[in-house]
Amino acid sequence: MAVFLGGCSFAKKQQLVSQTYVSMGTVVGVNLYVEDMELGEETQTLIAQELTRLEDEMLSYRVEGSEIWEINHSGGEPVQLSDMLYRYLSDIWELSEKSGGALDVTVGEVTRLWNIDTYAGSPEGFALPEEETLAAALENVGYEKIVMKQSLTMPRGMTIDLGAVGKGIACDVIQDILEEQRIPAAVISVGGSNLIWGKKENGLGWMIGVTHPREEGTYLGYLRLEGGCFVATSGDYERYVKVDGERYHHIMDPDTGYPAKSGVCSVTIVSDSGLLCDALSTACFVLGKNEGVKLAEQCGAEALFVEEDGTVTMTEGMKKLWLTEVK
Ligand code: ADP
Ligand code: MG
């Protein structure tokens, strides 16, 4: 995804304070349009600190001592949750239910087995998981096996992996900071999750390019968006391993334990929640076009599907945002 500023002019007094860095295991881009440079720089620092804290204290399954790490190492014992994580997980379970389990963050044992992230860059040594091992891992998948009151109890052997929703949560957290800091306009990207923030004094709104899933470096089209919305894309083209012409990517079907094969190669969601956007992009990818459109509409979000044969399908609201050239 990319932001195009063509046709959008900023008031002269607004200046761009831009930073790009790696955080939460992905590339983060923070573009703030401010009149006061000092405010911009202070906000950059706040955002970077907050992302590190979010990852280390709550979301990471790798960082020892994070809430998710504690849950994954609880051996079936109850774990006390922070209010924030409780709310996030409640929202996630709700979407798991609505999607019939297409989104299931307890898919951790399966993603670990495939280990696509490790081999996506260099496929040497990649092997498909054994059927038996995969079946055993699938036994340990199922959000409905978790009991959550104020504490959470997860059966021994299960693993939560928030890879499908963490970047969206990060965008929600950043939105709160932008609001508090009274940042007039901003564009944020955390991996495939984006936040478009604020209003420019001049111009027609923000232009966001949607990556072509099969033609590297080109855009399928552009979204004209107003500030205050989130955009997320899930695709099979960023992290995958190709073996004998077959593409093994990182979005799993929790029913089969294999990379989802729904005929879709990318899904883009627009909504007013970062978490919902990220979660829906993954869920809709697994469900495929027909079920995915229904789910997005049910959640009050807009969706765009690109299928293997190049067909593009959009919800009615998405059609209104869609442009085929930069204007
Ligand atoms: P990206 O991380 O590339 O933005 P997604 O948001 O679609 O893509 O999240 C994919 C990640 O989510 C995977 O790397 C894995 O960690 C996790 N995951 C894979 N399949 C599922 C699933 N069906 N439900 C929940 N999480 C999943
Ligand atoms: Mg996602």
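The rules behind each value
Residues numbered from 1 in each chain as written. Chains lettered and ligands numbered in written order. Predicted model: local features only at pLDDT ≥ 70, side-chain atom pairs only at ≥ 80, totals over all residues. Heavy atoms only, no water. Helix = DSSP H or I, 4+ residues; strand = E, 2+ residues; numbered from the N terminus. Rg over C-alpha atoms; globule rule 2.2 N^0.38 Å. Buried < 20%, exposed > 50% of the residue type's maximum accessible area, 1.4 Å probe, protein only. Areas by Shrake-Rupley, 256 points an atom, 1.4 Å probe, with all protein chains shown as cover. Lys, Arg positive; Asp, Glu negative; His and termini not counted. Charge placed at Lys NZ, Arg CZ, Asp CG, Glu CD. Phe/Tyr/Trp six-rings, centres within 6.5 Å; stacked < 30°, edge-to-face > 60°. Lys NZ or Arg CZ within 6 Å of the ring centre and 35° of its normal. Contact = heavy atoms within 4.5 Å. Domains from an automatic or database assignment. Buried area = accessible area lost by both parts, 1.4 Å probe. Salt bridge = Lys/Arg side-chain N within 4 Å of Asp/Glu carboxyl O. Polar contact = N/O pair within 3.5 Å; in protein donor to acceptor, adjacent residues only side chain to side chain. Donors = N, O, S within 2.8 Å, 3.2 Å for Na, K, Ca; no water. Near = heavy atom within 4 Å. Nonpolar A, V, L, I, M, F, W, Y, C, P; charged D, E, K, R; others polar.

> Help me out: how do you make sense of the overall build of the chain in this one?
When its secondary structure is counted, the chain shows ten helices and 17 strands. Against the compact-globule benchmark of 20 Å for 327 residues, the chain has a radius of gyration of 20 Å, which places it among compact chains. Along the first, second and third principal axes, the C-alpha set of the chain runs to 60 × 45 × 40 Å. Every one of the 327 residues in the chain was classed for burial, and the buried ones make up 52%. Accessible surface for the chain amounts to roughly 15,100 Å². Of this, 46% is attributable to carbon and sulfur atoms. Put simply, the chain has 25 plus and 51 minus side-chain charges, and the middle of one group is 6 Å from the middle of the other.

> Before we go on, may I ask you to explain unusual backbone geometry in this structure?
Residues other than glycine predominantly adopt negative phi, and peptide bonds predominantly adopt the trans conformation. Positive phi values are uncommon outside glycine, yet Asn 115 reaches one of about 55 degrees. Its place among the elements puts Asn 115 in the loop between α4 (108-114) and α5 (116-121). Positioned with a positive phi, Asp 244 is a non-glycine residue whose angle comes to about 45 degrees. As for its position among the elements, Asp 244 is in the loop between β12 (240-243) and β13 (246-249).

> Before we go on, may I ask you to explain the packing of aromatic side chains in this structure?
Describing an aromatic ring pair means giving the distance of the ring centres and the angle of the ring planes. Enumeration according to the criterion identifies seven aromatic pairs in this entry. Through a chain of ring-to-ring contacts, the aromatic side chains of Trp 114, Tyr 119, Phe 126, Tyr 248 and Tyr 258 assemble into a single cluster. Sitting over the face of the ring of Tyr 240, Arg 247 holds its NZ or CZ atom 4.2 Å from the ring centroid.

> Would you explain the environment of Val 27 in this entry?
If you trace the backbone, Val 27 turns up in strand β3 (residues 26-34). Non-local contacts of Val 27, meaning those with residues more than four positions away in its chain, are made with Thr 20, Tyr 21, Ser 189, Val 190 and Gly 191.

> So what exactly am I meant to see when it comes to the domain arrangement of the chain here?
Each assigned domain of the chain is listed here: domain 1 (2-58 + 168-323) and domain 2 (67-164). Between the C-alpha centres of domain 1 and domain 2 there is a distance of 23 Å. Tallying the contact residues gives 31 residues for domain 1 and 31 residues for domain 2. Roughly 2,600 Å² is buried in total at the junction of domain 1 and domain 2, and carbon and sulfur atoms are behind 72% of that figure. Ranking the residues of domain 1 by area buried against domain 2 places Met 58, Val 241 and Pro 254 at the top, with a combined share of 25%. Counting the contacts that link domain 1 with domain 2 gives one salt bridge. A salt bridge links Arg 239 to Asp 117, with the nearest nitrogen and oxygen atoms 2.6 Å apart. For the pair domain 1 and domain 2, the interface holds five residue pairs in polar contact (both at pLDDT 80 or more). Secondary structure elements with two or more residues in the side of domain 1 that touches domain 2: α1 (37-59), α7 (166-180), β12, β13, α8 (274-287) and α9 (289-298).

> What is the right way to read the coordination of the magnesium ion (ligand 2) from this model?
For a metal bound by four donors in tetrahedral geometry, the ideal donor-metal-donor angle is 109.5 degrees, whereas six donors in octahedral geometry ideally sit at 90 or 180 degrees. At the metal site, the magnesium ion (ligand 2) is ligated by Ala 164 (O), Asp 278 (O), Asp 278 (OD) and Thr 282 (OG1), and these contacts range over 2.1 to 2.5 Å. Of note, the donors binding the magnesium ion (ligand 2) are all from one chain and are spaced A-x113-D-x3-T. You can see Ala 164 sitting in the loop between β6 (151-153) and α7 and its partner Thr 282 sitting in helix α8, a full 118 residues away along the chain.

> Explain the site of ligand 1 to me, please; I cannot follow it from the model alone.
Among the 19 residues in the neighbourhood of ligand 1, the closest are listed as Asp 161, Lys 167, Ser 234, Arg 239 and Thr 282. Side-chain polar atom of Arg 239 to an oxygen atom of ligand 1: 2.7 Å apart, as the coordinates give it. Expressed as a share of its isolated accessible area of 560 Å², the protein-covered part of ligand 1 is 96%. The element contributing the most residues to the shell around ligand 1 is α8, with three residues. For the shell around ligand 1, a count of residues per class yields nine nonpolar, five polar and five charged. Counting the residues that make up the shell around ligand 1, at least three belong to each of domain 1 (2-58 + 168-323) and domain 2 (67-164).

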